[in-house]
Amino acid sequence: MPEPIEPYEEGRAIAATGGGGATDLAMAEAETLEKTPGGPKGTGPDKKPRSLWSDAWHDLRRNPVFIVSGLIILFLVVISIWPSLIASGDPLDCDLAKAQEGSQPGHPFGFNGQGCDVYTRTVYGARTSVTVGVLATLGVALLGSVLGGLAGFFGGAWDGVLSRITDVFFAIPVVLGGLVLLSVVTSSTVWPVIGFMVLLGWPQISRIARGSVITAKQNDYVQAARALGASNSRMLLRHITPNAVAPVIVVATIALGTYIALEATLSYLGVGLKPPTVSWGIDISSASQYVRNAPHMLLWPAGALAITVLAFIMLGDAVRDALDPKLR
Amino acid sequence: MADLSTNDEAVAAALDTPVRRGEPILQVRNLKKHFPLTQGILFKKQVGAVKAVDGVSFDLYQGETLGIVGESGCGKSTVAKLLMNLERATAGEVFYKGQDITKLSGRALKAVRRNIQMVFQDPYTSLNPRMTVGDIIGETFDIHPEVAPKGERRRKVQDLLDVVGLNPEYINRYPHQFSGGQRQRIGIARGLALNPEIIICDEPVSALDVSVQAQVINLMEKLQDEFNLSYVFIAHDLSIVRHISDRVGVMYLGKLAEIGTDEEIYEHPTHPYTQALLSAVPVPDPQARADRDRIILTGDVPSPANPPSGCRFRTRCWKAQDKCATEQPVLAVPERFRGQKTLAAHESACHFAEERDVVHAG
């Protein structure tokens, strides 16, 4: 009777290989456990292991996008702290007789409508843009992640109320809101603009922080900490925050570029910063009327703005890739 | 506040009394967890409840392993969370050394947590990826500083790693540098750190390779002898539960269907659901496989939000009669076996309980 025996033998063969494979695996595992003091991935015990953050940094250093955007941002930060390093003139020292004149020796970008040196003003304008961008982002990230993170962690009524408030803020068009709110402000400092950005920007971060805290909260290691008797603050600070902060950092970096662009937009519309503050937005605004006769007055500050915004967005993109474990 | 602190002291005193081997250390009585189903965005209104655990009672004796089996969604893991007080029970009590722990909070709860610990199912999510092994295990001593003085903590963590079969030099490594089996050992070391009396194991090996499962199970058995632990061992793998358990409870749709010693449950099952479950266990020997009694159930598990009336299993049971729809069977020794000295005389929640040896049939 060959026919009924055949499947029987096949079954045996499969069972035998399966069993053998399992033993091999068991032995391999036992070996890693007991015999190799170096450990699972073959690194020596003295070699310091890399955390996920240092893994991300390791990736970033090899990413050309990060290097290029990082260098641009570094340069911007340096010249916004010490603009006199590369521009010897005074941005407010203007000579109406030279208005709209083109490139000349000592004045490579020419002069603007008021006869001010465009090169000096472009260099000095970086300070305003970087200040507005960095402070607005810090404010937005702090306010948004604290409110959103607490809502995500505690849930309940507070979460419901906060979510509805975010919905309301999302419904306000940013430029319209700026026109309405900032037109009543007379101060010529950067603070009203930063305040406005924080006011309208926090819901975006708050939503992201809430979502990522809810995701992190459901992990078993948070339950494990709770089972050990950990307090809420320990769970939030030691377990949830480090694992939920990455998306907030990424979105904040990208948002930084958009805040710089928004400052320029608001200044262009005449409700943002006001002269005598030196800002790319103000210069673009005043140059736009003469764009046919003297395009250089518009192109230099606009180009600087475009490169800055692009650099921050590229940086955010690179950071996001480096912090995403799925791409590793 | 004075009331509360004396209460705390009473709890602490009760917790310090040792329980002799073979006496109940954990008594679960009519435990229920209903998750509300809500509708509406701002004004939530409850439209029903998922009855994840709906009246579960059992005793855990000191030094034993109680296995709890059942298919996905029957409420096993919710029972584990309720025992750990990670979820608040809707009703019912869990007595630890005679003290109801379901309503405790604050310091009293923290004291109980020193004695009841948990090993989680998934070793990939139960360890914080941003903390080193030393920090993960050492955190228990930060939370309960009275267990180990500051200077001794590092050495204690290394001892624990040694106890679970890991190299103590791994203390500075991160979880992603370990294999699944090694991670589960770290999870067990964390559970052991406070020197607890009870460990709740929520499917501790289901996420591991078969070859590694055996190692982890053997480790857990070794630790049980060494530290005099009591286990509640939740799993869906019947063979593993039989291997490790002294007694086994079978859950179906939020209720216990049958509970008894492993021999009573595996060799002499009287509840039709247990019989069906056992008949589905893979048999490695093809000859025995051909001979055994295979019960194939029809239909799906009903929704726990709307469980059947009477006996929960009646919609899929081949023995169901009118009585099953109207009368809820209680978990007790069935009348026909009462007073008899057979292994079939154990608690079973069925109106028509009878023995059927599915494993050795034919």
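Rules and cut-offs
Residues numbered from 1 in each chain as written. Chains lettered and ligands numbered in written order. Predicted model: local features only at pLDDT ≥ 70, side-chain atom pairs only at ≥ 80, totals over all residues. Heavy atoms only, no water. Helix = DSSP H or I, 4+ residues; strand = E, 2+ residues; numbered from the N terminus. Rg over C-alpha atoms; globule rule 2.2 N^0.38 Å. Buried < 20%, exposed > 50% of the residue type's maximum accessible area, 1.4 Å probe, protein only. Contact = heavy atoms within 4.5 Å. Areas by Shrake-Rupley, 256 points an atom, 1.4 Å probe, with all protein chains shown as cover. Pairing = 2+ DSSP bridges. Axes fitted to C-alpha atoms, helices over the stretch in contact; angles between N-to-C directions. Domains from an automatic or database assignment. Buried area = accessible area lost by both parts, 1.4 Å probe. Salt bridge = Lys/Arg side-chain N within 4 Å of Asp/Glu carboxyl O. Polar contact = N/O pair within 3.5 Å; in protein donor to acceptor, adjacent residues only side chain to side chain. Core = buried A, V, L, I, M, F, W, Y, C linked by side-chain atoms within 4.5 Å. Phe/Tyr/Trp six-rings, centres within 6.5 Å; stacked < 30°, edge-to-face > 60°. UniProt positions renumbered as here; feature names shortened; annotations may be inferred.

**Considering the overall build of chain B**
So, point 1. Per the secondary structure count, chain B includes 12 helices and 11 strands.
So, point 2. The C-alpha atoms of chain B give 22 Å as radius of gyration, which agrees with the globular expectation for 362 residues (21 Å, within 12%).
So, point 3. Summarising its shape, the C-alpha atoms of chain B cover approximately 65 × 55 × 50 Å along the three principal directions.
So, point 4. Looking at the 362 residues of chain B, the share that counts as buried comes to 52%.

**Looking at the overall build of chain A**
So, point 1. Secondary structure assignment for chain A yields 11 helices and zero strands.
So, point 2. Per-residue burial for chain A yields a buried fraction of 42% across its 328 residues.
So, point 3. Pairs at least 24 residues apart make up 69% of the contacts formed inside chain A by residues separated by at least 6 positions.
So, point 4. Just so you have it, chain A exposes about 16,800 Å², and 67% of that area is on carbon and sulfur atoms.

**With respect to the sheet that holds strand 6 (residues 116–119) of chain B**
Residue and element names in this part refer to chain B.
So, point 1. Spatially, the seven strands line up as an open sheet ordered 6-7-8-3-9-10-11, and their pairing is mixed. Whereas interior strands pair on both sides, the edge strands pair on one side only; in this sheet they are strand 6 and strand 11 (347–348).
So, point 2. Where strand 3 (residues 65–69) meets strand 9 (residues 247–252), four bridges bridge the pair, whose relative direction is parallel. Looking across to strand 9, one finds that Gly 67 is bridged to Val 248.
So, point 3. Of the strands in this sheet, strand 3, strand 6, strand 7 (198–202), strand 8 (230–234) and strand 9 are in contact with helix 2 (residues 76–83), which crosses strand 7 at around 150 degrees.
So, point 4. Across the face of the sheet, helix 10 (residues 272–279) comes into contact with strand 9 and strand 10 (255–261) while running at roughly 100 degrees to strand 9.

**Remarks on the domain arrangement of chain B**
Accessible area lost on assembly of the parts is the figure often given for the size of an interface.
Residues and elements named next belong to chain B.
So, point 1. By the assigned domains, chain B splits into domain 1 (26–35 + 51–245) and domain 2 (269–348).
So, point 2. Taking only C-alpha atoms, the centre of domain 1 and the centre of domain 2 are 30 Å apart.
So, point 3. Listed by partner, the interface residues are seven residues for domain 1 and 11 residues for domain 2.
So, point 4. Regarding the contact of domain 1 and domain 2, the summed buried area is about 710 Å², with carbon and sulfur atoms giving 54% of it.
So, point 5. Looking only at domain 1, the three residues that lose the most surface to domain 2 are Lys 51, Glu 71 and Leu 238, adding up to 69% of its buried area.
So, point 6. Our count for the domain 1 to domain 2 interface comes out at two salt bridges.
So, point 7. The shortest N-O distance in the salt bridge between Arg 312 and Asp 54 comes to 2.5 Å.
So, point 8. Connecting domain 1 to domain 2 are three residue pairs in polar contact (both at pLDDT 80 or more).

**What to know about the environment of Val 133 of chain B**
Residue and element names in this part refer to chain B.
So, point 1. Positionally, Val 133 belongs in helix 4 (residues 133–143).
So, point 2. On the accessibility criterion, Val 133 (1% relative accessible area) is buried.
So, point 3. Once you skip the residues sitting within four places of it in the chain, Val 133 turns out to touch Leu 161, Tyr 170, Ile 171, Arg 173, Phe 178 and Ile 186.

**A few points about helix 10 of chain B**
Residue and element names in this part refer to chain B.
So, point 1. Of all the eight residues making up helix 10, eight are buried; the element is thus mostly covered by neighbouring parts of the structure.
So, point 2. Among all positions in helix 10, only Pro 272, Tyr 273, Thr 274, Gln 275, Ala 276, Leu 277, Leu 278 and Ser 279 are buried.
So, point 3. Summarising the contacts, the buried residues of helix 10 are in contact with helix 8 (238–244), strand 9, strand 10 and helix 9 (262–267).

**Side note on the pattern of salt bridges**
So, point 1. In this structure the tally under the stated criterion is 20 salt bridges over all chains.
So, point 2. What emerges from the salt-bridge pattern is a single network uniting Arg 164, Asp 167 and Arg 207 of chain A.

**Topic: the environment of Gln 204 of chain A**
Residue and element names in this part refer to chain A.
So, point 1. Structurally, Gln 204 is set in helix 7 (residues 191–217).
So, point 2. Note: C-alpha distance between Gln 204 and Ala 141 (63 residues apart in sequence) is 9.2 Å.
So, point 3. Residues in contact with Gln 204, not counting those within four places in the same chain, are Phe 170, Val 251, Ala 255 and Tyr 259.

**Remarks on the nonpolar core**
Residues and elements named next belong to chain B.
So, point 1. Counting 72 residues, the largest nonpolar core has Ile 137, Ile 188 and Phe 233 as the members making the most contacts within it.
So, point 2. Sort the elements by how many residues they give to this core and helix 7 (residues 210–227) lands first, with six residues.
So, point 3. In this structure, Ile 137 is in contact with Val 157, Leu 160, Leu 161, Ile 186, Ala 189, Arg 190 and Ala 193, ignoring residues within four places of it in sequence.
So, point 4. Counting 37 residues, the second largest nonpolar core, distinct from the first, contains Ala 80, Ile 101, Leu 104 and Met 118.

**Examining the sheet that holds strand 4 (residues 91–96) of chain B**
Residue and element names in this part refer to chain B.
So, point 1. Across the sheet, four strands lie side by side as 2-1-4-5; this open sheet has antiparallel pairing. Taken across any chain shown, the strands that pair with only one partner, and hence form the sheet edges, are strand 2 (45–61) and strand 5 (99–100).
So, point 2. Across two bridges, strand 4 lies against strand 5 in antiparallel orientation. Bridge pairing in strand 5 places Phe 95 opposite Asp 100.
So, point 3. Where helix 2 meets the sheet, it contacts strand 1 (24–39), strand 2 and strand 4, and its direction lies at approximately 115 degrees from that of strand 1.

**Quick word on the packing of aromatic side chains**
Residue and element names in this part refer to chain B.
So, point 1. One pass over the full model with this rule turns up seven aromatic pairs over all chains.
So, point 2. Aromatic side chains Tyr 252 and Phe 313 sit 5.1 Å apart centroid to centroid with 85 degrees between the ring planes, which places their arrangement in the edge-to-face category. Of this pair, Tyr 252 sits in strand 9 while Phe 313 sits in the loop between helix 11 (286–291) and helix 12 (322–326), and the two are 61 residues apart along the sequence.
So, point 3. Exposure remark for Tyr 252: the relative accessible area of 3% places this residue in the buried category.

**A word on the UniProt feature "domain: ABC transmembrane type-1" (unreviewed entry) in chain A**
So, point 1. Sequence positions flagged by UniProt for "domain: ABC transmembrane type-1" (unreviewed entry) are, in local numbering, residues 126–316 of chain A.
So, point 2. Between the C-alpha atoms that bound residues 126–316 of chain A there is a distance of 19 Å. The span itself is 81% helix and 0% strand.

**Things to note about the UniProt feature "transmembrane region" (unreviewed entry) in chain A**
Residue and element names in this part refer to chain A.
So, point 1. UniProt records the feature "transmembrane region" (unreviewed entry) at residues 64–82, 130–158, 170–200, 244–262 and 298–319, using the numbering of this structure.
So, point 2. Secondary structure within residues 64–82 divides into 95% helix and 0% strand; the distance between the first and last C-alpha atoms comes to 27 Å.
So, point 3. Secondary structure content for residues 298–319 is 100% helix and 0% strand, and the end C-alpha separation is 32 Å.

**Regarding the side chain of Lys 33 of chain B**
All names here are of chain B.
So, point 1. Tracing the chain through its elements places Lys 33 in strand 1.
So, point 2. Overall, the relative accessible area of 10% leaves Lys 33 in the buried class.
So, point 3. One polar contact links the side chain of Lys 33 to the main-chain carbonyl oxygen of Arg 88, over a distance of 2.7 Å.
So, point 4. When sequence neighbours within four positions are dropped, the list of residues in contact with Lys 33 reads Val 50, Lys 51, Ala 52, Val 53, Thr 78, Leu 82, Glu 87, Arg 88 and Thr 90.

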